[in-house]
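Spelled out from the first residue to the last, the chains are:
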Amino acid sequence: MSLRILLILLSIPSTTLAISPDALSYYEEGAVYYDNHQYEMAIRAFDIAITIHPDFAEAYTNRGIVYNDLGDKLKAIEDLKVGCQKGDRAGCISLYIIA
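Residues numbered from 1 in each chain as written. Predicted model: local features only at pLDDT ≥ 70, side-chain atom pairs only at ≥ 80, totals over all residues. Heavy atoms only, no water.

Undergrad: Go over the state of the cysteines with me, naming the residues and quoting the values.
TA: As used in these notes, a disulfide is a covalent bond between sulfur atoms, one from each of two cysteines. Inspection of the entire model under this criterion finds 1 disulfide. In this model, Cys84 is linked to Cys92 through a disulfide, with the two sulfur atoms separated by 2.0 Å. Because the sign of the S-S torsion sets the handedness, a value of about 90° for the bond joining Cys84 and Cys92 places this disulfide among the right-handed ones. The partly exposed category is assigned to Cys84, whose relative accessible area is 23%. (Disulfide = S-S within 2.5 Å. Buried < 20%, exposed > 50% of the residue type's maximum accessible area, 1.4 Å probe, protein only.)

Undergrad: Run through the nonpolar core, naming residues and quoting values.
TA: In this structure, Tyr27, Tyr34, Phe56, Ala59 and Val66 are the most contacted members of the largest nonpolar core, which totals 22 residues. When contributions to this core are tallied by element, the ones reaching two or more residues are α2 (21-35), α3 (39-52), α4 (57-69), α5 (73-85) and α6 (89-98). When residues in this core are grouped by element, the largest group, 6 residues, is from α3. (Core = buried A, V, L, I, M, F, W, Y, C linked by side-chain atoms within 4.5 Å. Helix = DSSP H or I, 4+ residues; strand = E, 2+ residues; numbered from the N terminus.)

Undergrad: So what's going on with the packing of α3 against α4? Which residues, and what values?
TA: It is at 9 Å that the axes of α3 and α4 come closest, and there the two elements cross at 155°. The angle between α3 and α4 falls in the class roughly antiparallel. Pair α3 / α4 crosses with left-handed handedness. Residues Tyr39, Ala42, Ile43, Phe46, Asp47, Ala49 and Ile50 of α3 pack against Ala59, Tyr60, Asn62, Arg63, Val66, Tyr67 and Asp69 of α4. A class-by-class count of the residues in the contact of α3 with α4 yields 10 nonpolar, 1 polar and 3 charged. (Axes fitted to C-alpha atoms, helices over the stretch in contact; angles between N-to-C directions. Parallel < 35°, antiparallel > 145°, perpendicular 65-115°, else oblique. Left-handed = near helix turned anticlockwise from the far one by under 90°. Contact = heavy atoms within 4.5 Å. Nonpolar A, V, L, I, M, F, W, Y, C, P; charged D, E, K, R; others polar.)

Undergrad: So what's going on with the packing of α2 against α3? Residues and values would help.
TA: Between α2 and α3, whose axes approach to 8 Å, the crossing angle comes to 165°. Considering the angle they form, α2 stands roughly antiparallel to α3. Two packed elements cross with a definite hand, and for α2 against α3 that hand is left-handed. Where α2 abuts α3, its residues Asp22, Ala23, Tyr26, Tyr27, Glu29, Gly30, Ala31, Tyr33 and Tyr34 lie against Tyr39, Met41, Ala42, Ala45, Phe46, Ile48, Ala49 and Ile52.

Undergrad: Any details on the pattern of salt bridges? Residues and values, ideally.
TA: One pass over the full model with this rule turns up 3 salt bridges. For the salt bridge of Asp47 with Arg63, the shortest nitrogen-to-oxygen distance reads 2.5 Å. In this pair, Asp47 is assigned in helix α3 and Arg63 in helix α4, connecting sequence segments 16 residues apart. Exposure remark for Arg63: the relative accessible area of 14% places this residue in the buried category. Here Arg63 ties to Asp79 by a salt bridge, and the two come within 2.5 Å at their closest N and O atoms. One end of the pair, Arg63, is in helix α4; the other, Asp79, is in helix α5, with 16 residues separating them in the sequence. Just as Arg63 is buried, Asp79 falls in that class too. Put simply, Asp47, Arg63 and Asp79 are held in one network by salt bridges that share partners. (Salt bridge = Lys/Arg side-chain N within 4 Å of Asp/Glu carboxyl O.)

Next up, the structure:
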């Protein structure tokens, strides 16, 4: 299993009951865009999910992974730190791997 797939699997929201359906929908949309290598669209979807639910740790983590894939390590680290601080284990793991 590739690191990329592992990190996406680890970033499946564990607190879906506390996340609004709209934010979750945009999060899932972002994951589909990411899987299809439509990185800019993935970032936009994760941006909207975060705007709707600012404490959505997994959305920060996944946006950080996208930024890393685009080569923007500074933005990736920033988002992964937030994801980790908000409680997403995959954000912590990803931060350790790329930092």
